[in-house]
Amino acid sequence: MQRDIELFDIIRRERDRQTRGIELIASENYVSDQVMEAMGSVLTNKYAEGYPGKRYYGGCEVVDESEKLAQERLKKMYDACWVNVQPHSGAQANMAVFMACLQAGDKFLGLNLSHGGHLSHGSPVNFSGLMFHALEYNVKEDDGRIDYEQLEQIARAERPKLIIAGASAYSREWDYERIRKVADEIGAIFMVDMAHPAGLIAAGLLKNPVKYAHIVTSTTHKTMRGPRGGVILMGEDFPNPWGKTTPKGEIKMMSALLDSAVFPGVQGGPLEHVIAAKAVAFGEALMPEYKTYQLQVQKNAAAMAKCFIDKGYKVISGGTDNHCMLIDLRTKFPDLTGKIAEKALVAADITTNKNMVPFDSRSAFQTSGLRFGTPAITTRGLKEEQMAWIVELIDRVLTEPDNSQNIEKVRAEVNAQMVKYPLFAW
Ligand SMILES: Cc1ncc(COP(=O)(O)O)c(C=O)c1O
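Report follows, based on the coordinates. (Residues numbered from 1 in each chain as written. Predicted model: local features only at pLDDT ≥ 70, side-chain atom pairs only at ≥ 80, totals over all residues. Heavy atoms only, no water.)

Attention now goes to the nonpolar core. By size, the foremost hydrophobic cluster in this structure holds 51 residues, and its most contacted members are Leu74, Tyr78, Ile163, Trp174 and Leu233. Considering each element in turn, this core owes the most residues, 5 residues, to helix 7 (residues 176-186). With residues up to four places along the chain from it excluded, the contact list for Leu233 reads Leu74, Tyr78, Ala80, Trp82, Val83, Met194, Val210, His214, Ile215 and Val216. Formed by 37 residues, the second largest nonpolar core is a distinct cluster that contains Val315, Leu370, Val391 and Ile407. (Core = buried A, V, L, I, M, F, W, Y, C linked by side-chain atoms within 4.5 Å. Buried < 20%, exposed > 50% of the residue type's maximum accessible area, 1.4 Å probe, protein only. Helix = DSSP H or I, 4+ residues; strand = E, 2+ residues; numbered from the N terminus. Contact = heavy atoms within 4.5 Å.)

Laid out in structure tokens, this is it:
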């Protein structure tokens, strides 16, 4: 077969882009060579609808083993009693939970998207907001932290069937105990979407939501440093049936409801090559080096937030407990939008994303903020000492976002330094 030069040239250029720049998107990371090897393996050829031991296709004995290995390793990482490793993505893991726990039109409560929440927690353009009745809580304007009082007030007044904790742009630890308490009071299911801090949680650096929530979802590709995908977990609450009755009148366990919500509810055949790569990443997460890595992610984020504050930027909530931070550009550069800032930084090979800040005066297309995260640069080997250098470069670009000569100088400096942090073995 003729080699597809056109496509592989595109991949080569993306590899060059990843290698030469500083990657600060909080939800990105670089997986290990063995994770990539598993993803690019012959397992992609296999259809395996169903679950290990209960498939709708023949010849699944081998992939049953890799899926079971992924399940067992994931349980160990979070001390979980039950897991599903098949969701193709974080949004699909969340969709399966909605399907298992709610009927169309039911009320649920999640963090406001413009205050750090995720699309799949109730955005009007997402299945969650289109098919269900979304209610939202905010962060407080004065300190940028979750407004638990407001959350409790809405929960008591509206009695949603599901309460979601977890965010895409929130840099602080959560008070899971407090949310669980109000969920129990009103008989709601408490779900935590730990997609962003999952790696830090696995390393024991943040509280483990599996101990507090009925159901936990996650992506596997952010701080966790696995392949692109999703998972669902349950802790000791897993035997509770919560009285959901099937059309045949039988009461089903939540684990069974979730399994059938993933398949056949929202997905067909599982991506067994990705599940194998998840197993590899979970194995890596159980090694002692993983804790060292996650600790460095956290230290780098704290150092970076401090450097931004020292340079006169407003960091929402005044710092970070995890891997990410949200910068409100308005205090230092009132006329600079997140959109323009992102574009100027990308031109300097510093990749980040524009983000709305709580109580933003601009739209989601313009925004007044930028989100930064340290998982990828930490995988690359950068330490606290380099954070001041990175913030200095960002500040130089944002001070003159239209000065292309200045941007070019910053880019040359970025490229010259990043050569010192090799990325891919092949
Ligand atoms: C909190 C949270 N949940 C879910 C998702 C969705 O994950 P995916 O992009 O894999 O669907 C994200 C992605 O950014 C996220 O931040």
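Moving on to the state of the cysteines. Applying the stated criterion across every chain, the model contains 0 disulfides. Cysteine Cys101 is unpaired, with the sulfur of Cys81 as its nearest cysteine sulfur at 17 Å. No disulfide involves Cys324; its nearest neighbouring cysteine sulfur is the one of Cys307, lying 17 Å away. On the accessibility criterion, Cys324 (2% relative accessible area) is buried. (Disulfide = S-S within 2.5 Å.)

What follows deals with the sheet that holds strand 12 (residues 324-328). Taken in spatial order, the 4 strands make up an open sheet running 11-12-15-14, and their pairing is antiparallel. Taken across any chain shown, the strands that pair with only one partner, and hence form the sheet edges, are strand 11 (314-315) and strand 14 (353-355). Bridge count for strand 12 against strand 15 (residues 369-373) is 5 bridges, and the pairing is antiparallel. Residue Leu326 lies in a different strand from strand 15, and its bridge partner there is Arg371. Strands in contact with helix 11 (residues 288-310) are strand 11, strand 12 and strand 15; relative to strand 12, the strand with the most contacts, it is inclined by about 15 degrees. (Pairing = 2+ DSSP bridges. Axes fitted to C-alpha atoms, helices over the stretch in contact; angles between N-to-C directions.)

For strand 9 (residues 215-219), the tally of buried residues reaches 5 of 5 residues, placing the bulk of the element in the interior. In the sheet, strand 8 (residues 189-193) pairs with strand 9 via 3 bridges, with the strands oriented parallel. Looking at strand 9, one finds that Met191 is bridged to Ile215. Looking at chain direction, strand 9 and strand 10 (residues 230-234) are connected through 4 bridges and run antiparallel. Looking across to strand 10, one finds that Thr219 is bridged to Gly230.

Not every one of the 13 residues close to the ligand is listed here, only the nearest: Gly90, Ala91, Ser168, Asp193 and Lys222. The contact in question runs from an oxygen atom of the ligand to an N or O atom on the side chain of Ser168, over 2.7 Å. His196 is positioned such that a nitrogen or oxygen atom in its side chain is 3.5 Å from an oxygen atom of the ligand. In isolation the ligand exposes 390 Å². Once the protein is present, 83% of that is buried. Put simply, the ligand lies in the largest pocket. (Near = heavy atom within 4 Å. Polar contact = N/O pair within 3.5 Å; in protein donor to acceptor, adjacent residues only side chain to side chain. Areas by Shrake-Rupley, 256 points an atom, 1.4 Å probe, with all protein chains shown as cover. 1 Å grid on protein atoms, 1.4 Å probe; cavity = no way out; pocket = protein on both sides within 12 Å on 5 of 7 lines; lining within 4 Å. Sits in = over half its atoms within 2 Å of the grid points.)

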